[in-house]
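Residues per chain, in single letters:
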Amino acid sequence: MSRTIEELLAAPVFGSSQAEKEATLLPLLNALTAHHAAHCAPYDRLLAGTGATRVASRLADVPWLPVGLFKSHELVSVGAPDVFKVMTSSGTTGQAVSRIILDQRTADLQTRALVRIMTHVLGPDRLPMLVLDTKSIIRNRTQFAARGAGVLGMMTFGRNAVWALDDEMDLDIPAVEAFLAKHGNAPFLMFGFTFMAWKYFIQRLADRGLDLSQGILVHSGGWKKLQDEAVDNATFRARLQAMTGLHRIYNFYGMVEQVGSVFLEGDDGFLYPPAFADVIIRDPETWDEAPVGTPGVIQVLSALPHSYPGHSILTEDMGIVHSVDANTTGRGGKAFTVIGRAPRAELRGCSDVHAFAAST
Amino acid sequence: MIAQSIVPASGPVDVAATIARFQADADTSLMPFDEGVLAIAASLSRRLATDAEARTFPALQALAFWMRKAELLRLRDAFRRLEDASRILVPRGTVFHIPPANVDTLFVYSWLLAVLAGNRNVVRLSSRMSRQGSLLCRMLNEEFHQHRDGLLARNTIMLSYGHDADISAALSAICDVRVVWGGDGTVNAMRKVPLPAHAVEMTFPDRYSWAALQVDAFLALDEEARDTLADQFYNDTFWFDQLGCSSPRTVVWVGEAGRGAQAAAQFGDAVAARIRARGYRVDVGASLAKRTFAYRAVLDQPVSRVSWVSNELAVADLAAMAPMDRGHPGGGFLFQRVVPDLSEIGGLLSSRDQTLAYFGFTPDSMRAFAATLGSRSFDRIVPIGEALRFDRYWDGYDLLAQFTRQVTIGSSQS
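To start, this report covers the structure provided alongside it. For clarity, every value in this text was computed on a predicted model and none was experimentally measured.

## A short note on the sheet that holds strand E2 (residues 11-14) of chain B
Residues and elements named next belong to chain B.
Moving on, step 1. Strand order in this open sheet of seven strands is E2-E1-E6-E5-E4-E7-E8, and the pairing throughout is mixed. The open sheet is flanked by E2 and strand E8 (200-203), the only strands paired with a single partner. Sheet twist, expressed as the average angle between the axes of neighbouring strands with direction ignored, equals 25 degrees.
Moving on, step 2. The strands touched by helix H5 (residues 106-116) are strand E4 (94-98), strand E5 (120-124), strand E6 (156-160) and strand E7 (177-180); relative to E5, the strand with the most contacts, the crossing angle is about 165 degrees.
Moving on, step 3. Set on the sheet, helix H8 (residues 183-191) makes contact with E4, E7 and E8; between it and E7 the angle comes to about 150 degrees.

Here is the structure:
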């Protein structure tokens, strides 16, 4: 039975099995393919030019766009008067950024989706919030645009926010202790970027004996920098639990090209797609769906994007699906982890290869 | 100023001291095609042709073949013909070579032509050296050290350094010829570094190359001949991941449209089969870059359809012969178009276009075609299989002539 995106957003956010996901998502994604083909001429041209399947018979056949396309082209399926907001990705100076065009409807869907996902782990009430970052990232918006936007986005799920780091990025012990004295005996929210949380918070807690056992940590931003320090998710979790008693720790994977479609970590340490999204791991040789347990390139599917053709995107990240429908704690579908960015092209030839790499 | 010396000895060196010693050792009496130089080149050729590891790199075998004794003697004879009673050719002095970062055999061609012309040489090598590049340097060192008179060791420095304008300036200041390979970026950067007033410069910017095949001639081939042609095309295209300036990127089929489509499809399959047989692979990053490039091409260029013959070979059909931006991801991506006559591409060519590799045309018809292009393009028109064959004539220059000075000798008119 087909459901609308509104109905899907009202349904349990993590419970559906892979078969249910195929049945509910496929018609929604096929409808989005048709919608974007009808309202975004470049998208229609891409479908024709790549010989893509317009009506997929399974999720793995839904046509995808490479994520880099959003950096070079403004792809939009609504008229100029309906543009509500333009999102841009983070990027170091000189790098191209993605530009994602939102109408009111898509922005609303994204907000509702994010609320559904976050309340799944935070509960319905706004919790006192400890931000594992420095306030200067929202004062200095040009320098830390992405970090600032991420924190501001999460602050809608908390109240009475306290910043754990001072302007010099040092742990503000009096502020943290005051926060815990006031809120530490009932559930509270902590949010930060994975690397910041590790390097500037966890590493510096040392033996202070802080009790974070009532806390719920939500963190994101990737493991690349932590891999250099040989810290993986298991180490991250174990260290936090041992040092502070914190055990509700939720990493998430998401991107500006699909805001709201957040893949949230379960209690088993794996990431899971919400009801309105899915993930496909592709073998980088055959580009078919890779078998469970085999690493490949991550493709993300989301039923949210209405104003731009971003419902099926091939990322430049590598990941691995570990199991399907094997979770026993209420999470259905694919359990996956993100390995990191796909390695940059290593080609030879005249030196223009580097100019090309730098422009992508 | 510290650089990494690679040849004739490896290790960090002070650039100023190295330059001072290089100038103190100056051996300015060397003349073109010195016997000692020829002997070392021939010996290096034998070394490359017989070394087990070198034999696994086809580009090194092509280099060995190009610099074998018989070929060098032919080159000497051709060079001698440039001289006559009223003119002799002498070395220019010191040549400063800046080879491309990653066409890792080119520095030897550039260096050797300059050495054969009797020059002393400074070569800036990339610090990101591939296995075959490192192997070449090791063999050069072994060769240099076997020749105890130090003929080449005294006259050649090869070193690597980062983007250090001071070092580039110091090396430029002592040269008589500067040779800048490596594309627009390197050329533009080096143009800012002054040269002595008398010095000359050759620049090799980013280039783009094509292939043209005659449809009926291709369809007339038996299976074996098709495979041979596909193999030659493979060599032209994939030796340097299709990023060598001379590797074809756009393929033009000349003939009737329907038969052309048939020929293109058969050729694509044959090339994909050669790619498999040779075990050529692209990594994930290159594959993703190629996908992204393909999608952008559909939006930005007159591409009607992109198909993946295999992961290593994507083919984009052009809906029209319209101006193209000549960007390219490398790693197996071809634009293709069937045209009734080769003259259709003439109007699209520009100074970016370097090599046309052809099949099924007579050299005379290619000569006639080139003559219609005026100053527009193509420095080389060669049969498929020879696109990467290096030659003293490159990008419109005669390198041997450029590495020498012409001394004219007049006689009294009485």
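## Overview of unusual backbone geometry
Residue and element names in this part refer to chain B.
Moving on, step 1. Omega for the peptide link from Val7 to Pro8 comes to 5 degrees, which places this bond in the cis form.
Moving on, step 2. Among the structural elements, Pro8 can be located in the loop between strand E1 (2-7) and E2.
Moving on, step 3. Even without glycine at this site, Asp395 takes up a positive phi of about 50 degrees.

## Examining the interface of chain B and chain A
Moving on, step 1. Facing 47 residues of chain B, the contacting portion of chain A comprises 39 residues.
Moving on, step 2. Both faces considered, chain B and chain A share a buried interface measuring about 3,500 Å² in area, 60% of it formed by carbon and sulfur atoms.
Moving on, step 3. Summed over the shared surface of chain B and chain A, the result is one salt bridge.
Moving on, step 4. In this structure, Glu285 of chain A engages Arg281 of chain B in a salt bridge whose closest nitrogen and oxygen atoms are separated by 3.4 Å.
Moving on, step 5. Between chain B and chain A we count 11 residue pairs in polar contact (both at pLDDT 80 or more) in total.
Moving on, step 6. With 14 residues, helix H12 (residues 284-300) of chain B is the single largest residue contributor to the side of chain B that touches chain A.
Moving on, step 7. Residue classes in the side of chain B that touches chain A are distributed as 20 nonpolar, 15 polar and 12 charged.

## Observations concerning the sheet that holds strand E9 (residues 208-214) of chain B
Residue and element names in this part refer to chain B.
Moving on, step 1. If you walk across this open sheet you meet the seven strands as E11-E12-E13-E10-E9-E14-E15, and the pairing is mixed. Edge positions in the sheet fall to strand E11 (303-310) and strand E15 (380-383), since each of these pairs with one other strand and no more. Pairwise comparison of adjacent strand axes, ignoring direction, gives a mean angle of 25 degrees for this sheet.
Moving on, step 2. As paired elements, E9 and strand E14 (residues 353-359) share five bridges and run parallel to each other. Bridged to Trp210 within E14 is Leu356.

Quick notes on the rules
Residues numbered from 1 in each chain as written. Chains lettered and ligands numbered in written order. Predicted model: local features only at pLDDT ≥ 70, side-chain atom pairs only at ≥ 80, totals over all residues. Heavy atoms only, no water. Pairing = 2+ DSSP bridges. Helix = DSSP H or I, 4+ residues; strand = E, 2+ residues; numbered from the N terminus. Axes fitted to C-alpha atoms, helices over the stretch in contact; angles between N-to-C directions. Contact = heavy atoms within 4.5 Å. Buried area = accessible area lost by both parts, 1.4 Å probe. Salt bridge = Lys/Arg side-chain N within 4 Å of Asp/Glu carboxyl O. Polar contact = N/O pair within 3.5 Å; in protein donor to acceptor, adjacent residues only side chain to side chain. Nonpolar A, V, L, I, M, F, W, Y, C, P; charged D, E, K, R; others polar.

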